[in-house]
Amino acid sequence: MIVGGGHNGLVAAAYLARAGRSVLLLERREHIGGAAVSERPWAGVDARLSRYSYLVSLLPHAIVEELGLPIELRRRSVSSYTPRPDGSGLLVHSHSAPHRRWRDFYAMTSRVGQAVFPTLTEPLLSREQLRARVGDDEAWEALIERPLGETVEQWFDDDLERGIVLTDGLIGTFARADEATLRQNRCFLYHVIGNGTGMWDVPVGGMGAVTDALAATAWAAGAEQRTGVEVTGIETDGERALVTWDGGFAEADHVLANVAPAVLARLLGESPPRPEPEGAQLKLNFLLSRLPRLRDAAVDPREAFAGTFHVNESYAQLAAAYEQAESGRVPELAPCEIYCHSLTDPSILGPELRQAGAQTLTCFSLHMPARLFRANPEAAKAEAIGSTLRSLDSVLAEPIEDCLWISPSGEPCIEARTPVELEAELRMPGGNIFHRDLAWPFTDDEAEVGTWGVETAHPNVLLCGAGARRGGGVSGIPGHNAAMAVLNRVPS
Ligand SMILES: Cc1cc2nc3c(=O)[nH]c(=O)nc-3n(C[C@H](O)[C@H](O)[C@H](O)COP(=O)(O)OP(=O)(O)OC[C@H]3O[C@@H](n4cnc5c(N)ncnc54)[C@H](O)[C@@H]3O)c2cc1C
């Protein structure tokens, strides 16, 4: 049985059903996909947005090939654009670098990625084993042993460039650049190693196309699903497990939990793991009647918006926003990044919108921890949206609100999700988009070497979601690894 129908649950279902196992997947929402879905947020508007996750880097080509998934991941022509305070900007194309240090830095992350990425779908290595596989002590020290802030400061002199690099360590992760926990390093690592390149590609048709392809494969192989079923308890003696929900129950040899570790603990009647997970982002989706003009007239908006457009994310601005949030305030000028899906893949828009020149925009604001939204959720949300819109407007030649598409009912097409709302909607604890802080792709515990990083205290209950070691993001990796753990445990 698989508890939760996120994309990882579907990957596990597909592998297990294809291996001849009998699989039942239960999802509490009315539809599957979890945070990897396409939806039409505005009634009467034919725009199928990737509502939560939107870019793919970590889904191994090997999983796509093994499952025969008919998906297209399209490379963006522009990697990133970042306006400078003086009105100019830094445009980075996908296959070039602004200067030699930049190129050398990302050549280093790419070398590490090429060594580390293939191990993510193999049994777990120890720190020393993975370090030996990487075979580059300087890179290992820079990315894994020492706070990311030190590395960034050593490699880059420019405040803006330092900020651009650091953002990959802060996606959904509330941390200082120099934090001793190295949470920012772990987040950074997963952002630069995907398929050995760290490139973030556009799923053609939206993220729902990835989930639909996985689901079709799982159902074709015989896996069964039930949606609208919220699991309320799991009991196990290590050999057989009993899964219960409102009005029903079923028994299984194995339970694969696609839910967060904190949710699994509750279902098992155990105390949740510490520290409590906390997400740290505000997510906005827009439909625009046209792309806004930029303050930087030297760059075509169609180029700037095609890649990751960094807004007020210099190193100093990121540090200031962190300190404001740490002291309990919504950052005054939200550091955020935006990206336009429809420039690379217009297929998510209906013909009327396409003809009218409409474009989608997704925005991810950093340093918005869940704690800011607990006491007064609505007021804090309004403040966070205001801070983000001000931030965007500071680099535009016209207010973003003037460019919003208006729905047939007269509603401007903009929506936002705080971490607290994500927690309620998707059961991501604290709105943490990775279910909990990301874990290193190796273990310091000798007893864990050779496991799949999905095991729990109960031999027949396994994690198969983002909260497993080497989980997080749209990767299918923990789903694959949980299936391998089952198939290797009881040879069929
Ligand atoms: C706003 C946002 C933007 C993101 N952007 C990106 C991105 O661009 N690229 C990227 O790679 N990653 C991104 N991520 C992260 C990524 O989407 C997630 O880490 C990943 O989708 C998690 O997948 P999963 O299958 O492990 O779990 P989930 O997608 O969380 O699915 C878990 C499922 O379990 C269900 N469930 C929970 N409790 C129960 C229960 N008791 N009974 C039954 N079902 C239950 C939930 O309803 C859910 O469907 C983003 C996430 C968010 C929220």
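Bear in mind that the values here come from a model prediction, so they are computed numbers and not experimental data.

J.: Got a minute to help me understand the overall build of the chain in this structure?
T.: Of regular secondary structure, the chain possesses 17 helices and 19 strands. Principal-axis analysis of the C-alpha atoms gives the chain an extent of 65 × 55 × 45 Å. Residue pairs at least 24 apart in sequence account for 74% of intrachain contacts in the chain once pairs closer than 6 positions are excluded. Counting every atom, the chain has about 18,800 Å² of accessible surface; 49% of that belongs to carbon and sulfur. Where the 44 positive side-chain charges of the chain centre and where its 65 negative ones centre are 2 Å apart.

J.: Any chance you could explain the nonpolar core here in plain terms?
T.: The biggest cluster of nonpolar side chains holds 62 residues, and the ones touching the most others in it are M1, I2, L26, I234, V243, L256 and L264. Element by element, the count of residues in this core is highest for helix α1 (residues 7-18), at 8 residues. Discounting chain neighbours no more than four positions away, the residues touching L256 are M1, I2, V3, A12, L16, L462, C464, A482, A483 and V486. In terms of nonpolar packing, the next biggest core, distinct from the first, is built from 51 residues, A175, C187, V202 and Y339 among them.

J.: What is the right way to look at the packing of aromatic side chains in this model?
T.: Two descriptors summarise a pair of aromatic rings, namely the distance from one centre to the other and the angle between the planes of the rings. On inspection of all chains with the given rule, the structure shows 12 aromatic pairs. Aromatic side chains F105 and Y106 sit 5.1 Å apart centroid to centroid with 90 degrees between the ring planes, which places their arrangement in the edge-to-face category. Classification of F105 by relative accessible area gives buried; the value is 0%. A relative accessible area of 23% places Y106 in the partly exposed class. Positioned over the ring face of Y315 is R162, at 5.7 Å from the centre of the ring.

J.: Quick question: what am I supposed to make of the packing of helix α3 (residues 100-116) against helix α8 (residues 183-192) here?
T.: The packing of two helices is summarised by the inter-axis angle and the distance between the axes. Interhelical geometry of α3 versus α8 gives an angle of 85 degrees and a closest axis separation of 9 Å. Regarding the angle of α3 to α8, the classification is roughly perpendicular. Contact residues: α3 offers F105, Y106, T109 and V112, while α8 offers F188, L189 and V192. Tallied by class, the residues present in the contact of α3 with α8 amount to 6 nonpolar, 1 polar and no charged.

Procedures and definitions
- Residues numbered from 1 in each chain as written.
- Predicted model: local features only at pLDDT ≥ 70, side-chain atom pairs only at ≥ 80, totals over all residues.
- Heavy atoms only, no water.
- Helix = DSSP H or I, 4+ residues; strand = E, 2+ residues; numbered from the N terminus.
- Contact = heavy atoms within 4.5 Å.
- Areas by Shrake-Rupley, 256 points an atom, 1.4 Å probe, with all protein chains shown as cover.
- Lys, Arg positive; Asp, Glu negative; His and termini not counted.
- Charge placed at Lys NZ, Arg CZ, Asp CG, Glu CD.
- Core = buried A, V, L, I, M, F, W, Y, C linked by side-chain atoms within 4.5 Å.
- Buried < 20%, exposed > 50% of the residue type's maximum accessible area, 1.4 Å probe, protein only.
- Phe/Tyr/Trp six-rings, centres within 6.5 Å; stacked < 30°, edge-to-face > 60°.
- Lys NZ or Arg CZ within 6 Å of the ring centre and 35° of its normal.
- Axes fitted to C-alpha atoms, helices over the stretch in contact; angles between N-to-C directions.
- Parallel < 35°, antiparallel > 145°, perpendicular 65-115°, else oblique.
- Nonpolar A, V, L, I, M, F, W, Y, C, P; charged D, E, K, R; others polar.

In short, shape yes, function no, at least from these values alone.
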